[in-house]
Amino acid sequence: MTRGLEDVELLSRLVAFDSTSRNSNLPIADFICDYLDRRGVRIDRNASPDGTKANLVIAAGPEGLAAEGLGLSGHMDVVPADEKDWNSDPFSLARVDDRLVGRGACDMKGFLALAMNRFFSVDPDRLRRPLALLFTYDEELGTLGAKHFVETWPTPRRLPRAVIVGEPTELRVVRMHKGYLKLRVTFVGRAAHSGYPHLGRNAIEPAGRAIVALSELRRVLETERPLHALHFPEVPFAALNVATITGGVAINVIPDHCQIEVGVRLLPEMRSPAIVGRIRDTLTHALDDIAFELTVLGESPAMLLEEDASLHRALCQAMGQTDSQSVSFATDAGWFQNIGLECVIFGPGSIEKAHRANEYMPLAELRSANLVLHRIVHDWCEAGS
């Protein structure tokens, strides 16, 4: 391909891929690689354990100065578009007044399109410092692709240290976010006919006691103010949510199993083993000698970047922002910081418009973000020392 697509046309092509997390992302990954492949471009795939998905690292510029360059990061997957109240085909980008409507238009294929076209526009031979794209799979399932990447990528030092993760922030520059911890509590009973309850053991009844105890722990957590609480004024505490409960098979059967799933949003520098320990102690106290199993299902770490980090200062200056900003959702950046990457969350669109029918990207924000990315990439990768 000798000429790139316009940003909106490229976004339309990306939205047309049903890259819902339940599907393989290889079709969209192949398209991205084909679009950007040319002389001087290095393309690496980081395959998922089963080979059905892949993270992408696409880079150009001098390899010896990798740490001094710039990375642009986003996830290729989207949430399902199963809502009934879509006004158009969710996988066909529609323009409605000043809005671009489609699944992933906001979260986060709009940023992917901008990052791809900015990369497409550079001359690899004229880059003074490297520019890299780091695109992941299964962020929507709990940052699984980013976790796999940091655990398996053999040469993290070859990645630019400064990275923009383009989640939708309405063009606010964000240097910290909460993490997300997912847990399951399992109770095992003994099935029996409900007419002979003495032959069985009900697994749901102790789960009820557990829910009461977890609700009390939630109220306690809401009174606490961990480190960095002031930066999360809307919810300045670790938020615990009793999210699902499943158990039993029929009304006339004593249930022999029950599971409760719990989510906890942790603030930066809170340690997940500590909150897991508190949950375990809470349940042990409430349940006396009733057995239960507490399992950690997954974790997306919180992210914290120093206020004076160069990329944070540069983006704040570009946007005229003078304060530190935070968000309460998790991103891939929580994992990336574990291999020394310094991430800023910055992108067009609003997270409040994502994960719902008629998700959209404001055209004006897409254009504004494009101007900012052009300036930042020029300053970090193309301009002289």
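Everything numeric here is computed off the predicted structure, so don't read it as measured data. (Residues numbered from 1 in each chain as written. Predicted model: local features only at pLDDT ≥ 70, side-chain atom pairs only at ≥ 80, totals over all residues. Heavy atoms only, no water.)

Turning our eyes to something else, we now look at the packing of helix H1 (residues 7–15) against helix H3 (residues 105–121). In the contact formed by H1 and H3, the axes pass within 9 Å of each other and the chain directions differ by 125°. Here H1 is positioned oblique relative to H3, judged by the angle of their axes. Two packed elements cross with a definite hand, and for H1 against H3 that hand is right-handed. Across the interface between the two elements, Asp-7, Leu-10, Leu-11, Leu-14 and Val-15 from H1 touch Ala-105, Lys-109, Gly-110, Leu-112, Ala-113, Leu-114, Met-116 and Asn-117 from H3. Partitioned by chemical class, the residues of the contact of H1 with H3 number 9 nonpolar, 2 polar and 2 charged. (Axes fitted to C-alpha atoms, helices over the stretch in contact; angles between N-to-C directions. Helix = DSSP H or I, 4+ residues; strand = E, 2+ residues; numbered from the N terminus. Parallel < 35°, antiparallel > 145°, perpendicular 65-115°, else oblique. Left-handed = near helix turned anticlockwise from the far one by under 90°. Contact = heavy atoms within 4.5 Å. Nonpolar A, V, L, I, M, F, W, Y, C, P; charged D, E, K, R; others polar.)

Moving on: the sheet that holds strand S8 (residues 176–177). Taken together, the 3 strands give an open sheet; going across it, the order is S15-S8-S16, and neighbouring strands pair in mixed fashion. Where the open sheet ends on each side, the last strands, each with one partner, are strand S15 (303–304) and strand S16 (326–327). Where S8 lies against S15, 2 bridges are found, and the strand directions are antiparallel. Of the residues in S15, the one forming a bridge with His-177 is Met-303. (Pairing = 2+ DSSP bridges.)

This part takes up the packing of H3 against helix H9 (residues 363–382). Where H3 contacts H9, the axes come no closer than 10 Å and their chain directions differ by 40°. Looking at the two axes, H3 sits oblique to H9. In this structure, the crossing between H3 and H9 has a hand that is right-handed. Only Leu-366, Ala-369, Asn-370, Leu-373, His-374, Val-377, His-378 and Glu-382 of H9 make contact with H3, whose side of the interface consists of Gly-110, Phe-111, Leu-114, Ala-115, Arg-118 and Ser-121. Each residue belonging to the contact of H3 with H9 can be placed in one class, and the counts come to 7 nonpolar, 5 polar and 2 charged.

A few words now on the pairing of strand S9 (residues 179–188). One ladder, built from 10 bridges, connects S9 with strand S13 (residues 257–266); its direction is antiparallel. Opposite Leu-181, over in S13, you have Val-264 as the bridge partner. Summarising the sheet, S9 and strand S14 (residues 293–300) pair through 7 bridges and their orientation is antiparallel. Residue pairing for S14: Leu-183 is matched across the bridge by Val-296.

The next subject is the sheet that holds strand S5 (residues 99–101). Ordered by their spatial adjacency, 3 strands build an open sheet running S4-S5-S18, and the pairing between neighbours is antiparallel. Looking at the sheet topology across the chains shown, the edges are occupied by strand S4 (94–96) and strand S18 (360–362). The average undirected angle you get between the axes of adjacent strands in this sheet is 30°. As judged from the 3 bridges shared by S4 and S5, these two strands associate in the antiparallel manner. Of the residues in S5, the one forming a bridge with Ala-94 is Val-101. Running over the sheet, H9 touches S4, S5 and S18 and is turned about 60° from S18.

Structurally, Ser-324 can be placed in the loop between helix H7 (310–319) and S16. Taking the C-alpha atoms as reference points, Ser-324 and Val-174, separated by 150 residues in sequence, lie 6.8 Å from one another. Contact partners of Ser-324, with chain neighbours within four places excluded, come to Arg-175, His-231, Glu-307 and His-312. A polar atom in the side chain of Ser-324 sits 2.7 Å from the side chain of Arg-175. (Polar contact = N/O pair within 3.5 Å; in protein donor to acceptor, adjacent residues only side chain to side chain.)

Another aspect to go through is the nonpolar core. Within the largest apolar cluster, 75 residues are counted, with the highest numbers of intra-cluster contacts made by Ile-32, Leu-70, Leu-72, Met-116 and Ile-164. For this core, the element with the highest residue contribution is H3, accounting for 10 residues. Ignoring anything within four residues of it in the chain, the contact list for Met-116 reads Leu-10, Leu-14, Phe-31, Ile-32, Tyr-35, Leu-36, Leu-133 and Phe-135. Membership of the second largest hydrophobic core comes to 23 residues, among which are Val-185, Ala-203, Leu-221 and Leu-283. (Core = buried A, V, L, I, M, F, W, Y, C linked by side-chain atoms within 4.5 Å. Buried < 20%, exposed > 50% of the residue type's maximum accessible area, 1.4 Å probe, protein only.)

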